[in-house]
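Residue-level structure breakdown
Next come the chains, spelled out residue by residue.
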Amino acid sequence: MDYKYWLLVVGCWLTVACTSVVENPTKVDELPKIYPDYIGVTIPAEIAPLNFSCMDADIDCMDVVVKGSKGGELHVQGDEADFDMADWHELTEQNKGGQLTVTVCVRKGGTWIQYKDFSVTVSPYALDEWGLTYRRIAPGYEVFSHMGLYQRDLSTFDEYAIIENTQVPGMCVNCHSAHQTDPHQFVFHVRGDHGATMFQIDGQREWLKASNEQLGGSMVYPYWHPSGKYCAFSTNQTRQGFHAVSTKRIEVLDLSSDVFVYDPATHKVLTDSLLSTKDWSENSPVFSPDGRTLYYMTCKQQDYPDHFKDEQYNLCKISFDPETGKFGERVDTVFNAVAMGKSLTWPRPSFDGKYILFTLLDYGYFSIWHQESDQWLLDLQTGEARELKEINSDEADSYHNWSLNSRWIVFTSRRDDGLYSRLYLASIDDQGRLSKPFMLPQRHPKEYYGESIYSFNTPDFTKTKVTFDAHQAGREIASDKRIETTLQ
C-alpha cells in the first residue's frame with residue numbers, strides 16, 4: 001500500500017480518536033489536576049491563552065469547554081488544552097470584569113470522566129504593557145553558558161532575544177532596567193573581559209567603562225529616576241561561596257557596596273558621604289514615584305565568610321532634589337528587618353506611590369538562592385508591612401517588579417520544581433490583596449517547562465518591544481571603546 005495513503009489513514013484515525021462527543025460522562029467531585037495550575041487565578045484580558053495539560057495518567061483524550069459569564073464559549077479537544085489565539089482574546093475581552101468557567105473532561109479506557117468546574121477571573125484592570133523583559137540563564141557558577149536578556153510578548157507566545165552572550169564569548173549580561181517600563185531609555189551591565197555599562201537612549205548607545213576606580217567598582221542594580229534624567233546604581237564587591245551542607249548551594253557575599261546616582265547627560269556620578277560609608281554596605285537603590293526620595297538597603301559589614309549569617313539588611317531612605325542633584329542630610333530607617341532577625345532585599349515601589357514590595361529572607365541579599373525567601377508588602381500610607389501569604393510558597397520567591405498602572409506584579413519563584421526559577425504574575429486590588437499567581441503561559445507548557453534547563457530572573461514589564469541591534473552591540477562590546485565617568 002502506498003506510504004502516503006498509510007499516513008492519511010493514520011492521521012484520520014488519530015483525528016477521529018480524539019473528536020468523539022462527550023456524552024453522559026461520569027462526574028467526580030474533585031478538581032482536575034492541571035499543569036500549570038490555573039485554577040482560581042485572575043488574569044488580564046490581554047494575556048496569552050492559558051494552555052494546560054491534565055496530569056492524570058493513562059488519558060486517551062481531554063475535552064475542555066470555557067464559558068464566559070458575559071457570553072462566549074471555547075471548546076477544544078486533544079492531548080492538551082490548546083486554545084486558538086484570536087478566539088481566546090475575543091472571549092477574554094468580552095468577559096473583562098467577569099469570569100470564565102472551565103469544564104474539563106478526560107477519557108480513560110473509552111470512558112469519559114468530568115471533573116468539577118473551576119473559574120478564572122478576568123480582571124477589569126488592563127495590562128498596559130506590551131510584554132516582559134528578563135534574563136534566562138542555565139545553571140552555572142563560574143563559567144557562563146548560553147544566556148542572555150530576552151523579551152516576551154504577553155499577548156502571544158513570542159519570545160525575542162535582546163542580546164545573548166554568543167555575541168561576545170565569555171560575556172555575562174545582567175542588571176537591566178527601563179525607564180518606568182519604557183525601553184526608549186534602557187540600561188544593562190556587561191560582565192567579563194569586555195565589561196561595560198550600556199545606556200541606550202532614544203536609539204543612541206553609550207558604553208561606560210565598567211569600573212570607576214574612584215567608586216571602587218562597577219555600576220550595577222540600576223533604577224531610573226521618574227524624570228528619566230538620572231539613574232541610581234550601587235557598586236558592589238561581591239564574592240560567591242559554596243555551602244558545605246546539601247540543603248544549601250550558593251551564597252553571594254557583599255564585601256562592600258555604596259549607592260550613587262548617575263547623570264547620563266553629563267556622565268557625572270553624584271555621591272554623598274551618607275551613601276558611601278566605611279562600615280556599612282549600601283545597596284540596590286530605587287527612586288520614589290515623585291523622584292524626591294531614594295530608597296536603598298543597608299547592612300553592617302561583617303567578617304566574611306565566618307559571619308555570613310550576620311549579613312542582614314534594613315530598608316532606608318534619603319531625600320533627593322532632582323533640580324540640583326543634591327541629597328538630604330539625614331538617613332531614615334523605613335523598615336527594620338534586622339530587628340526581626342531577617343534581611344530585606346529587592347525593594348520596589350509601586351508607581352502609584354502606595355506600596356513598596358520587597359523580599360524577606362534569613363540573611364544576605366541574593367534571595368534567589370534562599371528557599372525561605374518570601375514576598376512582603378509595605379503600605380506607605382500606614383507604615384505597616386505584611387507577609388504576602390496569598391502569593392508566597394515553600395520555595396524561593398524573589399525578584400519582582402510592578403506594571404506601570406500598579407495593578408500587576410511579576411516575580412520569580414521556584415515553586416514549580418524547587419530547582420528552576422519561573423515567572424509568575426498576580427494582580428493587586430484596592431485593599432492591597434494579591435490574587436493567586438499564575439505561571440507565564442506557554443504554547444505547550446508541559447513540554448516547555450519540562451524540557452527547559454533555564455531559570456528566569458530579574459523580570460520587568462516593558463511598554464513596547466525593545467529595539468536593539470544585538471550584532472552591532474556585540475561589535476561595540478568587543479571594541480573596548482568606553483566612556484569615562486567622573487565624580488561630581
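Anyway, here's the lowdown on the structure attached to this text. Predicted, not measured: the structure shown is a model, and the values here were computed from it.

What to know about the sheet that holds strand β12 (residues 159–164)
Spatially, β12-β11-β10-β36 is the arrangement adopted by the 4 strands of the open sheet, whose pairing is antiparallel. Each edge of the open sheet carries a strand with a single partner, namely β12 and β36 (455–462). Averaged over all adjacent pairs, the angle separating strand axes in this sheet is 25°, with direction ignored.

As for helix α2 (residues 85–94)
Residues of α2 that are buried: Trp-88, Leu-91 and Thr-92. Around the axis of α2, the buried residues are gathered within 95° of arc, so they sit on the same side. Exposed and facing more than 90 degrees away from the buried side of α2 are Ala-86 and Glu-90. Elements that come into contact with the buried residues of α2 comprise β3 (42–43), β5 (61–68), β6 (73–78), β7 (99–108) and β9 (118–122). Its side-chain oxygen 3.1 Å from the backbone nitrogen of Ala-86, Asp-84 forms the N-cap of α2.

A closer look at the environment of Asn-212
Relative to the assigned elements, Asn-212 resides in strand β17 (residues 211–212). Sequence-distant contacts of Asn-212, defined by excluding residues within four places in its chain, comprise Gly-217, Thr-485, Thr-486 and Leu-487.

Some thoughts on the pattern of salt bridges
If you walk through the whole model with that rule in mind, you get 20 salt bridges. Here Arg-415 makes a salt bridge to Asp-397, at a shortest N to O gap of 2.8 Å. Remark: Asp-397 occurs in strand β32 (residues 397–402) and Arg-415 occurs in the loop between β33 (408–413) and β34 (422–427); sequence separation between them is 18 residues. Classification of Arg-415 as partly exposed rests on a relative accessible area of 26%. Accessibility expressed as a relative area gives 0% for Asp-397, which makes it buried. Between Arg-433 and Asp-429 there is a salt bridge, with its nearest N and O atoms 3.2 Å apart. Looking at Asp-429, the relative accessible area reads 25%, which means it is partly exposed. Linked through salt bridges whose partners overlap, the residues forming this network are Arg-292, Asp-321 and Glu-323.

Section: the pairing of strand β10 (residues 131–137)
β10 sits mainly inside the fold: 7 of its 7 residues count as buried. Residues Gly-131, Thr-133, Arg-135 and Ile-137 of β10 are buried on one face, and the alternating residues Leu-132, Tyr-134 and Arg-136, pointing to the opposite face, are buried as well. As judged from the 7 bridges shared by β10 and strand β11 (residues 147–153), these two strands associate in the antiparallel manner. In the sheet register, Thr-133 faces β11, and the bridge partner there is Gln-151. Sheet topology note: the β10/β36 ladder contains 6 bridges and is antiparallel. Within β36, the residue paired with Leu-132 across the bridge is Phe-461.

Observations concerning the packing of aromatic side chains
With the rule as written, the count across this model stands at 21 aromatic pairs. Both rings, one in Phe-358 and one in Trp-376, keep their centres 6.3 Å apart while their planes meet at 20°; by these two values the pair is stacked. Of this pair, Phe-358 sits in strand β29 (residues 355–361) while Trp-376 sits in strand β30 (residues 374–379); the two residues are 18 residues apart in sequence, bridging distant segments of the chain. Relative to Tyr-449, the ring of Tyr-448 lies with its centre 5.0 Å away and its plane at 80°, an arrangement referred to as edge-to-face. Three or more aromatic residues link up through ring pairs in this structure, and these residues are Phe-199, Trp-224, Phe-233, Phe-260 and Tyr-262. Taking NZ or CZ as reference, Arg-136 lies 5.0 Å from the ring centre of Tyr-454, over its face.

So, the sheet that holds β30
Pairing within the open sheet is antiparallel, and its 4 strands lie in the order β28-β29-β30-β31. In this open sheet, the two edge strands, each paired with only one partner strand, are β28 (343–349) and β31 (385–387). Geometrically, the sheet is characterised by an average inter-axis angle of 25° between neighbouring strands, direction not taken into account. Of the pairings in the sheet, the one linking β30 to β31 comprises 3 bridges and is antiparallel in character. If you follow Trp-376 over to β31, its bridge partner there is Glu-387.

Describing the side chain of His-189
Among the secondary structure elements, His-189 is positioned in strand β14 (residues 182–191). By relative accessible area, His-189 is classed as buried at 2%. A distance of 3.2 Å separates a polar side-chain atom of His-189 from the backbone oxygen of Ala-196. When near neighbours in sequence (up to four residues on either side) are disregarded, His-189 contacts Cys-172, Val-173, Asn-174, Cys-175, Ala-196, Thr-197, Ala-210, Ser-218, Met-219 and Val-220.

Thresholds, definitions, all that
Residues numbered from 1 in each chain as written. Predicted model: local features only at pLDDT ≥ 70, side-chain atom pairs only at ≥ 80, totals over all residues. Heavy atoms only, no water. Pairing = 2+ DSSP bridges. Helix = DSSP H or I, 4+ residues; strand = E, 2+ residues; numbered from the N terminus. Axes fitted to C-alpha atoms, helices over the stretch in contact; angles between N-to-C directions. Buried < 20%, exposed > 50% of the residue type's maximum accessible area, 1.4 Å probe, protein only. Arc of directions from axis to C-beta. Contact = heavy atoms within 4.5 Å. Polar contact = N/O pair within 3.5 Å; in protein donor to acceptor, adjacent residues only side chain to side chain. Salt bridge = Lys/Arg side-chain N within 4 Å of Asp/Glu carboxyl O. Phe/Tyr/Trp six-rings, centres within 6.5 Å; stacked < 30°, edge-to-face > 60°. Lys NZ or Arg CZ within 6 Å of the ring centre and 35° of its normal.

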